[in-house]
Amino acid sequence: MTLPRRILKETKKLISDPPPGISAVPHKSNPRYFDIMIAGPTSSSYEGGTFKLELFLTDEYPMDPPKVRFLTKIYHPNVDKLGRICLDILKKNWSPALQISTVLLSIQALMSAPNPDDPLDNQVADMWINDENQALEIARKWTRMYAMEN
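Residues numbered from 1 in each chain as written. Predicted model: local features only at pLDDT ≥ 70, side-chain atom pairs only at ≥ 80, totals over all residues. Heavy atoms only, no water.

The subject of this paragraph is the UniProt feature "domain: UBC core" (unreviewed entry) in the protein chain. As annotated in UniProt, the feature "domain: UBC core" (unreviewed entry) corresponds to residues 2–148 in the numbering used here. Annotated as residues 2–148, this span is 33% helix and 16% strand, and its ends, taken at the C-alpha atoms, are 37 Å apart. (UniProt positions renumbered as here; feature names shortened; annotations may be inferred. Helix = DSSP H or I, 4+ residues; strand = E, 2+ residues; numbered from the N terminus.)

The following block contains the structure:
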């Protein structure tokens, strides 16, 4: 499989100089498919957890955004039960100038600052809006249950 030069360049940079708290490893059998690990941001309900995601670059990349989803369960208003992520740059605000590392840093930032006003999981968003302390505690509990080694 011959990859566009841009994907090769981005992959090389992700491996040699990954963003802090993030690793992205392409599959040997399909270099458009990446195993992603994001460390829960410091001072967030996800701190101490390691979250697995998958990222796939379609044939249309970079004109279309990558497909990204959480594989680790996460209690977050902008992530649904299937791990899909509501993030503007993965949809209407995508630009071919953005890179894989930008997407991953944006997901990490979203973990630090959930946006219940633009939810993907309405139930979680309602909890975040009506009882933020309880929502943060549930997020910490899920982090301990699903994102930490026992």
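Below, the discussion takes up the environment of Ile 7. Among the structural elements, Ile 7 can be located in helix H1 (residues 5–16). Relative accessible area serves as the criterion here: at 2%, Ile 7 is assigned to the buried category. Spatially, the C-alpha atom of Ile 7 lies 12 Å from that of Glu 60, the residues being 53 residues apart in sequence. Ignoring sequence-local partners within four residues, the contact set of Ile 7 consists of Arg 32, Leu 57 and Tyr 61. (Buried < 20%, exposed > 50% of the residue type's maximum accessible area, 1.4 Å probe, protein only. Contact = heavy atoms within 4.5 Å.)

Those residues carrying the UniProt feature "active site" (unreviewed entry) are Cys 86 in this numbering. Tracing the chain through its elements places Cys 86 in the loop between strand S4 (67–70) and helix H2 (100–112).

Turning next to the nonpolar core. By size, the foremost hydrophobic cluster in this structure holds 37 residues, and its most contacted members are Leu 53, Phe 70, Ile 85 and Ile 107. Counting only elements with at least two residues in this core, the list comes to H1, strand S1 (22–26), strand S2 (33–39), strand S3 (50–56), S4, H2, helix H3 (122–130) and helix H4 (132–146). At six residues, the largest contribution of residues to this core is made by H2. Once you skip the residues sitting within four places of it in the chain, Ile 85 turns out to touch Leu 53, Val 68, Arg 69, Phe 70, Asn 78, Val 79, Leu 90, Lys 91, Ile 107, Leu 110 and Leu 120. (Core = buried A, V, L, I, M, F, W, Y, C linked by side-chain atoms within 4.5 Å.)

On to the packing of aromatic side chains. A full pass over the atoms with the stated rule returns six aromatic pairs. An angle of 75° between the planes, with centres 5.6 Å apart, marks the rings of Trp 142 and Tyr 146 as edge-to-face. Here Trp 142 and its partner Tyr 146 are both found in helix H4, four residues apart, which amounts to about one turn of the helix. For Tyr 146, a relative accessible area of 35% gives the class partly exposed. Members of the aromatic cluster, connected to one another through ring pairs, are Tyr 75, Trp 128, Trp 142 and Tyr 146. Over the face of the ring belonging to Trp 142 we find Lys 73, whose NZ or CZ atom lies 4.9 Å from the ring centre. (Phe/Tyr/Trp six-rings, centres within 6.5 Å; stacked < 30°, edge-to-face > 60°. Lys NZ or Arg CZ within 6 Å of the ring centre and 35° of its normal.)

To continue, consider unusual backbone geometry. The omega torsion of the bond from Tyr 61 to Pro 62 falls at 15°, within 30 degrees of zero and hence cis. Summarising the element assignment, Pro 62 is placed in the loop between S3 and S4. Even without a glycine there, the phi angle at Ser 43 is positive, about 65°. In this structure, Ser 43 sits in the loop between S2 and S3.

Looking at chain direction, S1 and S2 are connected through five bridges and run antiparallel. Paired with Ile 22 across the strands is Ile 38, a residue of S2. The pairing of S2 with S3 spans seven bridges and is classified as antiparallel. Among the inter-strand pairings, Ile 36 is bridged to a residue of S3, identified as Leu 53. (Pairing = 2+ DSSP bridges.)

Here H4 spans 21 Å end to end across 15 residues, near enough to the 21 Å set by a 1.5 Å rise per residue. Every buried residue belonging to H4 is among Ala 135, Ile 138, Ala 139 and Thr 143, and all of these are buried. Down the axis of H4, the buried side of the element spans an arc of 140°, and every buried residue falls inside it. The inward-facing, buried residues of H4 contact S3 and H3. (Expected span 1.5 Å × (residues − 1). Arc of directions from axis to C-beta.)

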